[in-house]
Structures are given as structure tokens and as C-alpha cells.
Amino acid sequence: MTVSVLDLPTQYQAHREEIDRAILDVVAGGHFILGPNVRSLEEEIAAYTHCRYGIGLASGTDALRLALAALDIGPGDEVITTPFTFVATASTISHAGATPVFVDIDPRTYNLVPALVEEAITPRTRAIVPVHLFGQPAEMAPILDIARKHNLRVIEDAAQAIGAEEQGRRVGSLGDIGCFSFYPTKNLGAYGDGGMVTTNDPEIAEKVRILRNHGSRERYQNEVLGFNSRLDEIQAAVLRVKLRYLEEWTARRRQIAALYTELLAHTAVTTPYERPEVRHVYHQYTIRAPRRDELRTYLQEQGIGTMVYYPTPLHRLKLYADLDYPAGSLPVSEAVAREVLSLPIYPELTDEQVHEVAEAIRRFYRR
């Protein structure tokens, strides 16, 4: 049986009529930039994330970039974050002219360790960027306590975690700013790039709105140096259709994750740990696997797709060689990067396919 790592065409076919109608309505209406679908999606995502404001942007990367700009973070500043994430978490800090400061992660959740965050604070520190990796919230309660104690801002990188919760509160509403990605592979994915900033702060919301539109509130009246980062109206229309199904899809992801965990118990792999006070939305179901690369090759031979997120921690990239993090300086991140393997997980995956993946893993380790 072939099991792809992702199957977006099947999801499209299930909702084809609604999606096609939404796209055609935009084309027929002729309003393609900052139109009614963008405004409605902003309101709907704000409500979904328990925030007062949502501002649609061109990508999740731009959400991070404009969040930093809205907080006036720039040259001379330091921003603490994780090295075990997609490069955009740190590269946007660098593009702002600030310096990313990497601290190590928890070996069970793969998220920031709050105590290490506090140890890394210097007089130049301006903000903390926790990542809710693979769909599980970072330990936000202690991180927010640390931020308040040291007068720091908190930008949540929630690109992989829309709908995730800590103690009943949705990610994106916990810090000063939440940053979401609608990249096609995300739990709520567009048919192209897209992103959104969420916040409860009206001043931040207004700054981001101005920044996304060339630094202007009205055409040709530019107030600040801004960006061209506007969520596309067609993408917003597609996302509004998909948002209606997000809770159903999240429930199915959690069912699949529970089945994987049950089937992979008592094997050589380490299954994901879910903190008891959170709702994990399982953007990825990521195991730690001895002989990871051999296992991945074997699964590929069986027709089973997998992915490795992320094979090289950011502090070990050539990009950040000048920050002088030698090998072994962040040992948990480096160890995890050698062992993680993400298995197929998407709402359309069948129980039969989950059983097939798990059985293939068991066969590999029995050999």
C-alpha cells in the first residue's frame, strides 16, 4: 500500500464545489486585493484564536517580519528563540538587523526550555520568539512570566499550531503578537502563500496594517517605511471555506496521533509527548527513531512517505556560523535533529494506512 506523506488533492476533491465557487465568486467580483474575503477572514481568524484583531499578510514569514517591525526591533537588539525550527523564525530577526540568540529545547516537546530562556537574557534582549513546534504549544505560562519580569515582548511563532491551546487559551492570543502561516501544507492551508498576525493590542494591529501596505493608511500618503505584504483575496476565499472544517480536521489528526501512539508502543521509537495542559493539533506526528535514515529509506521502499523536520539546527547552519555556536553547544537540539522523523498525518489518512505505516516500522526494527 502506498501512503503519501501528504494528500492535498483528496482534501480538495472532498470540498471541490465550495472551493471552486468561492474562487469563481472572487474572479467575477473583480476585487482581488484587501477585499471582503480578507476582511471577513481576519475577523473569523481573530475570533477563532480568541483575539481582538487579525491582519492578513502575504506569508507566515511576513507575519514574523512585520511583527518585529511593529515592535521596533532592529539593529543592536537581541531576540531569544529556538534553533530547532524553520529558518524563517531566525532569518526574520536577522533581516530586522537584530541578532537571534538560540537556546536549547526540551527533549520531549522540542520546544524552548523557559529556564534557559531566562539565562540567555542580556541588556540587549528585546523579545522572545517561542515556536509552537509541530502543533504543540510552547510552555507559555513561564515564558510570559519571564517576559513580564524583564520587560520583554513575546512573539508567538504559531505557524504550525493554529487551534492549539494551553490551559484552554488558543495560541496566537497568549503573547503580544501571534504569527500564523497558511502555506498549503499547514493544518489550515491556502493554495499558495498566506499568513496572518493576531493580537489584542490595537496599537500593534494598526502598525501592522500600515506596514503591510507600503507604510500607508491611504493611497499615496505613506507614513513609514513599509512592505508589500497583503493576503490575496482568492487565498482568503479558499481559507474561509477550509476554516469551517478546521475543528473536524483537528479532531481527526488527534485520532490518528492516538492510533499511531498505541500501535508504536513498546517499539524502538519514541512517540510524541503531549503536555497534559495543552491541546496538541499535530501538524506533524514526529517520532525519534534509532537509525533514522535507514528507517526512512526502508519506509520509502515500502511506498511510505516521511519527512525530516529539521535535519540541521539553525545554530549549525552556514548562515549563522558567525554567531559562533560550536558543535555540542546546544546538545538536545543537535541530538533531536539526528533522530526525528515525521510520519504521514492528515485528516484524510485512513486507519488502515496508519496500521500499514506502524507495521512497516515494527518490521524494520524486527529485522
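Anything mentioned here points back to the structure above.
Residues numbered from 1 in each chain as written. Predicted model: local features only at pLDDT ≥ 70, side-chain atom pairs only at ≥ 80, totals over all residues. Heavy atoms only, no water.

## Points about the pairing of strand β1 (residues 53-57)
Looking along a regular strand, one sees the side chains alternate between the two faces of the sheet.
Here's step 1: Across the five residues that make up β1, a large majority, five, are buried.
Here's step 2: On β1, burial covers both faces: Tyr53, Ile55 and Leu57 on one face and Gly54 and Gly56 on the other are all buried.
Here's step 3: Sheet topology places β1 next to strand β9 (residues 195-199); five bridges connect them, and they run antiparallel. Looking at the pairing, isoleucine 55 lines up with valine 197 of β9. (Buried < 20%, exposed > 50% of the residue type's maximum accessible area, 1.4 Å probe, protein only. Helix = DSSP H or I, 4+ residues; strand = E, 2+ residues; numbered from the N terminus. Pairing = 2+ DSSP bridges.)

## Describing the sheet that holds strand β2 (residues 78-81)
Here's step 1: What the seven strands build is an open sheet, ordered β1-β9-β8-β5-β4-β2-β3; its pairing is mixed. On the outer flanks of this sheet lie β1 and β3 (99-102), each paired with one strand and no other. Each strand axis lies, on average, 25° off the axis of its neighbour in the sheet, ignoring direction.
Here's step 2: Pairing of strand β8 (residues 177-181) with β9, which is carried by four bridges, proceeds in the antiparallel orientation. Within β9, the residue paired with serine 181 across the bridge is glycine 195.
Here's step 3: The strands touched by helix α8 (residues 202-212) are β1, β5 (153-157), β8 and β9; relative to β1, the strand with the most contacts, the crossing angle is about 15°. (Axes fitted to C-alpha atoms, helices over the stretch in contact; angles between N-to-C directions. Contact = heavy atoms within 4.5 Å.)

## As for the environment of glutamine 160
Here's step 1: When you line up the elements, glutamine 160 lands in the loop between β5 and β6 (165-166).
Here's step 2: What makes glutamine 160 buried here is its relative accessible area of 12%.
Here's step 3: For glutamine 160 and proline 107, which are 53 residues apart along the polypeptide, the C-alpha to C-alpha distance reads 19 Å.
Here's step 4: Those residues within four positions of glutamine 160 in sequence are excluded, and the remaining contacts are His132, Leu133, Phe134, Gly135, Lys186, Val281, His283 and Tyr310.
Here's step 5: At 2.8 Å, the side chain of glutamine 160 and the side chain of tyrosine 310 are in polar contact. (Polar contact = N/O pair within 3.5 Å; in protein donor to acceptor, adjacent residues only side chain to side chain.)

## Some thoughts on the packing of helix α2 (residues 16-29) against helix α9 (residues 233-243)
Here's step 1: For the pair α2 and α9, the least separation of the axes is 9 Å and the interaxial angle reads 150°. Considering their axes alone, α2 and α9 lie roughly antiparallel with respect to each other. As for the relative orientation of α2 and α9, their crossing is right-handed in sense. Where α2 abuts α9, its residues Glu18, Ile19, Ala22, Ile23, Val26 and Val27 lie against Glu233, Ile234, Ala237, Val238 and Val241.
Here's step 2: When the residues that make up the contact of α2 with α9 are grouped by side-chain class, the tally is nine nonpolar, no polar and two charged. (Parallel < 35°, antiparallel > 145°, perpendicular 65-115°, else oblique. Left-handed = near helix turned anticlockwise from the far one by under 90°. Nonpolar A, V, L, I, M, F, W, Y, C, P; charged D, E, K, R; others polar.)

## Re the pattern of salt bridges
Here's step 1: Counting across every chain of the model gives 28 salt bridges.
Here's step 2: Where arginine 16 meets aspartate 20, a salt bridge forms, and the shortest distance between an N and an O atom there is 3.6 Å. Of this pair, arginine 16 and aspartate 20 both sit in helix α2, four residues apart, which is roughly one turn of the helix.
Here's step 3: For arginine 16, a relative accessible area of 41% corresponds to the partly exposed category.
Here's step 4: The class for aspartate 20 is partly exposed, based on a relative accessible area of 25%. (Salt bridge = Lys/Arg side-chain N within 4 Å of Asp/Glu carboxyl O.)

## Section: a nonpolar patch on the surface
Here's step 1: A cluster of nonpolar side chains, Val27, Phe32 and Ile33, forms an exposed patch at the surface whose accessible area comes to about 240 Å².
Here's step 2: Positionally, valine 27 belongs in helix α2.
Here's step 3: Judged by relative accessible area, which is 45%, valine 27 ranks as partly exposed. (Patch = residues over 30% accessible without salt bridge, like charges linked within 9 Å, V, L, I, M, F, W, Y side chains within 5 Å. Areas by Shrake-Rupley, 256 points an atom, 1.4 Å probe, with all protein chains shown as cover.)

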